[in-house]
Structure formats: structure tokens, C-alpha cells
Amino acid sequence: MQKKKKSYKQNMMFIIVSIIIVLAVFFLIKIISLMKKPTLTTIVKNGELIKYEEVVGYIIRDEEIIDTSGYSGFVNTTVSDGNRVAKDGVILSYVSNTEKDLMVKISELDGKIQEAMENQQNIYPSDVKTLDTEIKINLYDVIKAKKDVYAVNEYKTVINQAIQKKAKIVGELSPAGSKLKELIDERIDYETKLNNAKQVLKAPKAGLASYRVDGYEDILTIKSLSSLSIKELEKMKLNMGQIVPIDTSKVKIIDNFSCYIAIPISSEEGKNSKLDDKIKLRFDNTENDFVQATVEYISEEDDARIIVVKISSNIEELVKYRKINLDVVWWRDTGLKIPTDAIKYTSITDQKTGKIIKDLATVDIQKSSYTETAWVKVIREANGFSIIENYTDEELLKMGISEEIVEKRSTVKLYNDVILN
């Protein structure tokens, strides 16, 4: 009996030692194979794939030049460049030499009024406080824009208007006979005389008022689209990105609802674009916020074409320009981004018939001591990378994959380690 027990123990020891040796050899082989050829992995991250093209664009607008030949005198802008104006709204006022004297007196009074307001310790209503905040903000903007003479002039006009509004409110609250009240009443009297004497230029229609007239308003028009050619566009004496200077002796009204951009293009994407296609544009001022555009007209040439796109936003920003650099964004996809090398294809067979349904893209996910395989949809592939998504249960079931397999399947998640093939 004792011999049998001893023999049993020896056999068990032999089996245990054998298992340990086998496992040790297995892990040794694995370690050696990893040292010879380590598994390369990459982390799944959110990313973007984008296809864009840098192009040159010529701005085409519905714009009407206003005849100012019947006006004379010193020009005072009521509407700043690129701002909206209503139909019959006052754009400019013209002041004579006599009126200039009145303006000088008004300016002198403004200084005295400001000094009187500062010496008055009254608690003013919220309207005055709001105007004070507006004046401070515009003063900071003037400092930022000190290199742009035109912008500084526009800020100056806005600040003066705010100061005048403040003075009128404070004057109404001041007691009769006070120094401030007398100064404001005197100013109102001069202002009334000035308004009665000056000429005003009114807008013939609603739109954006602009003093940037470059001579192409009657050349680059919506009606001239059919006569555009790349050669004719290149002949135009236009510098890339040049800001058209302000000249208040010339005024135009621009349609603020839409504008067109003529783009000479020779890429495959450009040649394959069709009328009514929706594309995205990126300007210097929009950064990653793309502007929606529609292809409105196409003019075919020998090795290239002109596509004319229509936009309905960012119009105010383009008032300053006629010829610009921009990006045409043909497509843009975001999602789980991995190297295309991590994707391989596996045949999926019908559970009933055994026939191959289709080849599905898969990725291998590295876990601590094992790997999992997940089916994925490749949304976009470009430049060695792919944007992927997991299949839904419904999509896999429609392919003929059993419900049991669908429920047990692995999926790719953010920050998974996937194996590169």
C-alpha cells in the first residue's frame, strides 16, 4: 500500500515538473521571439484627415457705385466702411467751410463738456455706464490698431459718437442753470445749425457701405461670369491679398447676402467638381471654421477650368479685398485615427451556407497577455492614416453574422493599443 502511495506521489511530481518545464520553455520561446521581432503597436487617438488645396480667388460682388459728383465740401462718414446701411440711410455728410467753423466750435465745447462731466460727482444711470464701457473698449482697440490708419479713424468716429450720447444724457439730468447744462445747450444749438447746412448722401438700397472702390466693380460682375478666362484674370493688375485703400470721395453699396469667388483650378478634384456641389472654403481669418460654398458656374479651358463658388457668410471680411489666397477643402473627416498599416482584411462567411459574405477590415488590439480582433469600417484613408468606426449590431446582423458572435465581438476604443502589421 505504501509503495502505491509513493509511486502515485512520484508520478504527480513528475507531471507537475513536466508542466513547469513545458511552460518555462514556452515562455522562453515567446521572449526570444519578441526579442528577435518585437510587436509594434500604436495608440488609437481622435484625429482628422483633410484634403484641401491652396488656390487663388477673385472676389465678385453685386455692388453699385453711387454718383457723388453733385456733392462738395468736407466729408464726414456716418457709416463706417464695411458696415450695413438701410435704404435711404445716411452714409456721408458734406460740410462747407462755414460748417467747418461750427465743427471747430463743437469740438472745443466737447472738451469743456468732458471736463465738466468729470468734475460732476453725480451717480449716473446704467446707460451712461454702458457708454463709458464702450468708450474704454474702443480706446483699447485703437491702441491695437495703431498701424491701421483707416481703422483708427473709424474707431475715432465711434468714440466721438459715444461721448456725444453720454453728454446729452448727462445734460438732461443736470440742473437748469448749471455750467454743464449751459455748455450742452450751446453745443445743441451749433449742432442744429450744422445739420441744417450740410448735404447728406443717402443709400439707394440696403447693403454694405464701402469706400474701397478699385475700378473692377463693372468688370468683375455676376453678369460677366460667362466671359471670364484664366488669361484675362491673370492680366488684371491685382496684387495678392492687397487691401483696397479707403477713399471717401467714392462710395459703393455691396450686397451683404451673397458674394462670388472665381477660382482657376487644375487639380483632379477641381476638374471633377460639378454644378451645385457643396464644398468648404478656409480663409486667413476663419482658421478652422470653414465657410460653406456652392459651385454656381464652371468655365472649361484647355488644361484647367474656372469654378465660381457662391458664399453667404464672411462677406464683410472680404470687402477689403479683390484677389486673395484661400483653401478649398474637398473633404474632411474626424474620428478614431490609426495608421493604415494596422488594418488587415478578414473573410466573413455565412453561418448557414459557409459562403464568404465579404472581406471586412479588422484591427488587432493588444491586451496585457493576449490580443483581440475587432471589425471596423474604414471611413477615409489618406497619407498613410485611416479614420475608422466600429460596426453597429444591426450592420453586422444584416451581413449574416450570428447574434451570438455579434454580442461577443470586440470593439475599438479610444487609447487602445493596436498592432501594426
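Residues numbered from 1 in each chain as written. Predicted model: local features only at pLDDT ≥ 70, side-chain atom pairs only at ≥ 80, totals over all residues. Heavy atoms only, no water.

Help me understand the overall build of the protein chain in this model?
A tally of regular secondary structure across the protein chain gives 10 helices and 19 strands. For the protein chain, the share of sequence-separated contacts (at least 6 apart) that also reach a separation of at least 24 residues comes to 74%. Counting every atom, the protein chain has about 26000 Å² of accessible surface; 52% of that belongs to carbon and sulfur. (Helix = DSSP H or I, 4+ residues; strand = E, 2+ residues; numbered from the N terminus. Contact = heavy atoms within 4.5 Å. Areas by Shrake-Rupley, 256 points an atom, 1.4 Å probe, with all protein chains shown as cover.)

Explain the sheet that holds strand β7 (residues 199-202) to me, please; I cannot follow it from the model alone.
Strand pairing in a sheet takes place through backbone hydrogen bonds and is either antiparallel or parallel in direction. Ordered by their spatial adjacency, three strands build an open sheet running β4-β6-β7, and the pairing between neighbours is antiparallel. Two strands close off the open sheet at either side, each with one partner strand: β4 (74-77) and β7. Across this sheet, the average inter-strand angle for adjacent strands is 25°, counted without regard to direction. Looking at chain direction, strand β6 (residues 90-95) and β7 are connected through four bridges and run antiparallel. Bridging from a neighbouring strand, Y94 pairs with Q199 of β7. (Pairing = 2+ DSSP bridges. Axes fitted to C-alpha atoms, helices over the stretch in contact; angles between N-to-C directions.)

Could you clarify how one ought to interpret the pattern of salt bridges in this entry?
Two side chains with opposite charge may pair up if their charged atoms get near one another. Evaluated as defined, the whole model comprises 20 salt bridges. The salt bridge partner of R409 is D393, with a shortest N-O separation of 2.7 Å. Of this pair, R409 sits in the loop between α10 (403-408) and β19 (417-419) while D393 sits in helix α9 (residues 393-398), placing them 16 residues apart in sequence. (Salt bridge = Lys/Arg side-chain N within 4 Å of Asp/Glu carboxyl O.)

For this particular structure, what's the right way to read the packing of aromatic side chains?
Given two aromatic rings, their pairing is described by the distance between the two centres and the angle made by the two planes. Overall, the coordinates contain one aromatic pair when judged by the stated rule. Ring geometry for Y71 versus Y94: centroids 5.0 Å apart, planes at 25°, classification stacked. Placement of the pair is Y71 in the loop between β3 (63-66) and β4 and Y94 in strand β6, with a sequence separation of 23 residues. The class for Y94 is buried, based on a relative accessible area of 5%. In this structure, R380 packs its charged tip against the face of W331, placed 4.0 Å from the ring centre. (Phe/Tyr/Trp six-rings, centres within 6.5 Å; stacked < 30°, edge-to-face > 60°. Buried < 20%, exposed > 50% of the residue type's maximum accessible area, 1.4 Å probe, protein only. Lys NZ or Arg CZ within 6 Å of the ring centre and 35° of its normal.)

What exactly am I supposed to notice about the side chain of K323 here?
Along the chain, the position of K323 falls in strand β14 (residues 323-339). We note that K323 is buried and unpaired, the nearest opposite charge coming from E234 at a distance of 7.8 Å. Not counting chain neighbours up to four residues away, the residues in contact with K323 comprise V56, G57, Y58, L238, N239, M240, G241 and Q242. (Lys, Arg positive; Asp, Glu negative; His and termini not counted.)

Explain the side chain of T340 here, please?
Topologically, T340 is positioned in the loop between β14 and β15 (344-349). Exposure remark for T340: the relative accessible area of 17% places this residue in the buried category. The contact partners of T340, leaving out residues within four places of it in the chain, are E381, G384, F385 and S386.

Is there a simple way to explain the environment of Y345 in this structure?
Following the sequence through the fold, Y345 ends up in strand β15. Taking C-alpha positions, Y345 is 9.8 Å from V376, a pair spaced 31 residues apart along the chain. Here Y345 is in contact with D359, L360, A361 and V378, once residues within four sequence places are set aside.

Sorry if this is basic, but what is going on with the sheet that holds strand β5 (residues 83-85) here?
The antiparallel open sheet is built from four strands, whose spatial order is β3-β9-β8-β5. The open sheet has two edge strands with one neighbour each: β3 and β5. This sheet shows a mean twist of 35° between the axes of neighbouring strands, independent of strand direction. Sheet analysis places strand β8 (residues 207-210) next to strand β9 (residues 251-254), joined by three bridges and oriented antiparallel. In the sheet register, S210 faces β9, and the bridge partner there is K252.

Which parts of the structure should I look at to understand the pairing of β14?
Regular strands show a simple pattern: their side chains alternate between the two faces of the sheet. Across 14 bridges, strand β2 (residues 45-60) lies against β14 in antiparallel orientation. Directly across from N46, in β14, lies its bridge partner L336. One ladder, built from three bridges, connects strand β11 (residues 278-282) with β14; its direction is antiparallel. Residue pairing in the sheet places L281 in a bridge with V328 of β14. The sheet contact formed by β14 and strand β18 (residues 385-390) spans four bridges and is antiparallel. Across the sheet, K337 pairs through a bridge with I387, a residue of β18.

Before we go on, may I ask you to explain the pairing of β9 in this structure?
Alternating residues of β9 divide into V251 and I253 and K252 and I254, and every residue in both groups is buried. Sheet topology note: the β3/β9 ladder contains four bridges and is antiparallel. Along β9, the bridge assignment pairs I65 with K252.

Mind showing me how you'd approach the nonpolar core here?
For soluble globular proteins, nonpolar side chains are generally found buried alongside one another. With 25 residues, the main nonpolar core has I261, L281, F283, V309, I311 and L318 as its most contacted residues. Within the residue set of this core, elements represented by two or more residues are β2, β10 (259-265), β11, β12 (291-300), β13 (305-311), α8 (315-318) and β14. For I311, the residues in contact, after removing those within four places along its chain, are F257, S258, C259, I261, L281, F283, V291, Q292, A293 and L318. Residues I60, L228, L238 and I306 belong to the second largest nonpolar core, which totals 15 residues. (Core = buried A, V, L, I, M, F, W, Y, C linked by side-chain atoms within 4.5 Å.)

How should I be thinking about the environment of P245 in this particular structure?
When you line up the elements, P245 lands in the loop between α6 (230-235) and β9. The class for P245 is partly exposed, based on a relative accessible area of 45%.

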